[in-house]
Amino acid sequence: MTGPVPELEERATACARRLCAADRVLLASHIDADGLTSAAIAANALERAEIPFEAVFEKQLDEEAIAGIAAREYATVLFTDFGSGQLDVIGRHERAGEFTPIIADHHQPADEETEFHLNPLLFGINGASELSGAGASYVLARALADVSEATPDGDGELAADGGTGAETTDRHPRADNRDLAALAVVGAVGDMQASSGDLHGANEAIVDDAVEAGVLETGTDLALYGKQTRPLPKLLEYATDVYVPGVSNDANGTLRFLDGLDLELKESGEWRRWAELTAEENQRLASALVQRAVSRGVPASKIDDLVGTSYVLSAEPVGSELRDASEFSTLLNATARYDRADVGLGVCLGDREDALERARTLLRTHRRNLSEGIDLVTSEGVTHEEHVQWFHAGDRIRETIVGIVAGMAVGSEGISREKPIVAFANKNEDEIKVSARANHGLVRRGLDLSAVLGEASREVGGDGGGHDVAAGATVPNGEEETFLERVDEIVGEQLGSER
């Protein structure tokens, strides 16, 4: 069976065969939306292949975490959405005979090799923009279905994802795991791989699989967050990626804008949501928003960013956070980042009762904490070095969300879009968490935050990595100034000291 990404098929098949040879597997994954969807895809695939497994999650795969994984005495460990950047440490445990690693990741690999390593970067595919961790996990899942020849019994037996068994046929989406493609899309969107408006590269093949399997719908739509759940005034007021004067960050201006559209945008006195409008109403509102942007002098290149591709999970009800890939990914980020990875995994596996309700409660907390974090950063401002800008939140912003806050704060008054932003937060008494964010324009000029944070952190006794556009690190408490000086220097070198 031909997989969705031909370049990875041979390696994916080798990894799948090794999994099928295992008596049991420890599944270890990261905690963000990409990590949770990666784990859910792998969990479904392992269960369908009748391979016993246990799932564990880690905020950061450092030496201590890997030693803890080795101590569980599993002969086979499947790492999803991390592992590549820690191959040097994993390799020591592998050579000691403690476990055989199988890695489905998309981050920059460490200078070490292992046999069962599925990573798009090894095959000329950009892991920061063309295939996410969930995408790598999906490629492995497709291979695992083929290698194991495991298919549902077709008798209506409950499946791992909460659905029912399908007929035994290699053309059915559940038989070859194509029904898991929607989760891979959620992971890619959550990993900011659709920041240019749509998914591209190897991600496109996964989107095609999801559409063909009937689990995803795509279309051209306003590229605004919250189309499923936010009342129209809040949808437009909070849409600040493209700043539209008189609408963005302007509650009264938004109400005046909507009142002037001659549309019935309320029902029983309550504002409707974008997802509840008819196609004609959507078109009229979108046209009016574009006209407002033009009349207020918004550049044409920015106006183009108002429109993008929507990724809608067909099986989820209209108005649910789970129907829109972007909102789904935010819900997932609100679980494991608050130490409830089990809740996020449960939602991904189909629990629409207890897990979903707990996730929604965590999401409310997450949104409140993000809002307070952004208020903190924008009120206190950032410090500008020659090539980067930074802030230190201490213990006032949770270390698991400080990177999200940093990314959302960019573009606010005094926070430049033309420099990478570096955020510090206390991890524990001895360590500081670092998160860095940039934009794809800086990446095109040569910026690689994974290399920056990796090199600078190791020079002060820490470690780090990630992607060219977003990366993280841990450094010893008290070494922030030295670390930052080196970060600024390396960024300047990468960008040719152009300022």
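Just so we're clear, the structure is a prediction, and the values are computed from it rather than from any experiment.

Rules used in this analysis
Residues numbered from 1 in each chain as written. Predicted model: local features only at pLDDT ≥ 70, side-chain atom pairs only at ≥ 80, totals over all residues. Heavy atoms only, no water. Helix = DSSP H or I, 4+ residues; strand = E, 2+ residues; numbered from the N terminus. Expected span 1.5 Å × (residues − 1). Contact = heavy atoms within 4.5 Å. Salt bridge = Lys/Arg side-chain N within 4 Å of Asp/Glu carboxyl O. Buried < 20%, exposed > 50% of the residue type's maximum accessible area, 1.4 Å probe, protein only. pLDDT = per-residue confidence, 0-100. Disulfide = S-S within 2.5 Å. Pairing = 2+ DSSP bridges. Patch = residues over 30% accessible without salt bridge, like charges linked within 9 Å, V, L, I, M, F, W, Y side chains within 5 Å. Areas by Shrake-Rupley, 256 points an atom, 1.4 Å probe, with all protein chains shown as cover. Lys, Arg positive; Asp, Glu negative; His and termini not counted. Charge placed at Lys NZ, Arg CZ, Asp CG, Glu CD. Axes fitted to C-alpha atoms, helices over the stretch in contact; angles between N-to-C directions. 1 Å grid on protein atoms, 1.4 Å probe; cavity = no way out; pocket = protein on both sides within 12 Å on 5 of 7 lines; lining within 4 Å. Points joined across faces, edges and corners; volume = space filled by probe spheres on them. Nonpolar A, V, L, I, M, F, W, Y, C, P; charged D, E, K, R; others polar.

1. Thoughts on helix α18 (residues 480-494)
Over its 15 residues, α18 runs 21 Å from end to end, which matches the ideal 21 Å to within 8%, given 1.5 Å per residue. Close packing links the buried residues of α18 with β11 (389-392), β12 (421-426), β13 (431-437), α17 (449-459) and β15 (470-476). Directly beyond the C-terminal end of α18, a positive phi value near 70° is found at Gly-496.

2. Comments concerning the pattern of salt bridges
The final tally for this structure, using the stated rule, is 21 salt bridges. Put simply, Glu-112 and Arg-95 hold a salt bridge, and the shortest N to O gap is 2.4 Å. Taken together, the residues span a long stretch of sequence, with Glu-112 in the loop between β4 (100-104) and β5 (117-118) and Arg-95 in helix α4 (residues 87-95) at a distance of 17 residues. The exposure class of Glu-112 is partly exposed, given its relative accessible area of 24%. Residue classification places Arg-95 among the exposed residues on the basis of a relative accessible area of 57%. Salt bridges here are not isolated pairs; linked through shared partners, they connect Lys-59, Asp-339, Arg-398 and Glu-399.

3. Section: the confidence of the model for the protein
Atom-level detail of predicted coordinates should not be read off regions where pLDDT is low. For the protein, mean pLDDT is 92; residues scoring 70 or higher make up 95% of the total. Counting interchain partners and residues more than four positions distant, the pLDDT-below-50 stretch residues 150-171 has 43 contacts.

4. As for the state of the cysteines
The full count for this structure, using the stated rule, is 0 disulfides. You can see Cys-20 has no disulfide; the closest cysteine sulfur is in Cys-15, sitting 11 Å from it.

5. Things to note about the sheet that holds strand β10 (residues 383-384)
Ordered by their spatial adjacency, 6 strands build an open sheet running β10-β11-β12-β13-β15-β14, and the pairing between neighbours is mixed. Whereas interior strands pair on both sides, the edge strands pair on one side only; in this sheet they are β10 and β14 (463-466). Where β13 meets β15, 7 bridges bridge the pair, whose relative direction is antiparallel. Considered in β15, the bridge of Arg-437 is made with Ala-470.

6. Describing a negative patch on the surface
On the surface, Asp-351, Glu-353, Asp-354 and Glu-357 cluster together into a patch of negative charge. As for its position among the elements, Asp-354 is in helix α14 (residues 354-380). The class for Asp-354 is exposed, based on a relative accessible area of 54%.

7. With respect to the sheet that holds strand β3 (residues 76-80)
Pairing within the open sheet is parallel, and its 5 strands lie in the order β2-β1-β3-β4-β5. Here the strands that pair on one side only, and so sit at the sheet edges, are β2 (53-57) and β5. Looking at chain direction, β3 and β4 are connected through 5 bridges and run parallel. What sits directly across from Phe-79, in β4, is Ile-103. In the packing of helix α2 (residues 33-48) onto the sheet, the strands contacted are β1 (25-29), β2 and β3, and the crossing angle to β1 comes to about 160°.

8. Concerning the side chain of Arg-323
Turning to its location among the elements, Arg-323 is positioned in the loop between β9 (307-313) and α12 (325-336). Comment: no salt bridge for buried Arg-323; closest opposite-charge side chain is Glu-217, at 4.1 Å. Residues within four places of Arg-323 in sequence aside, it is in contact with Glu-217, Gln-228, Tyr-311, Val-312, Leu-313, Ser-314, Glu-316, Pro-317 and Val-318.

9. Details of empty space enclosed by the protein
To find the voids left in a structure, one rolls a probe of water-molecule size over its atoms. Under the counting rule described, the total for this entry stands at 2 cavities of 30 Å³ or more. Approximately 50 Å³ is the volume attributed to the largest cavity. Forming the walls of the largest cavity are Leu-224, Leu-236, Ala-239, Val-242, Val-244, Val-247, Ser-248, Leu-289 and Leu-306. For the lining of the largest cavity, the class distribution of residues is 8 nonpolar, 1 polar and no charged. Quantified by volume, the second largest cavity comes out at close to 30 Å³. Around the second largest cavity sit Leu-19, Ala-42, Ala-45, Leu-46, Leu-78, Ser-137, Leu-140, Ala-141 and Leu-144, which together line it. For the lining of the second largest cavity, the secondary structure elements donating two or more residues are α2 and α5 (133-148). Element by element, the count of residues in the lining of the second largest cavity is highest for α5, at 4 residues. Counted by class, the lining of the second largest cavity contains 8 nonpolar, 1 polar and no charged residues.

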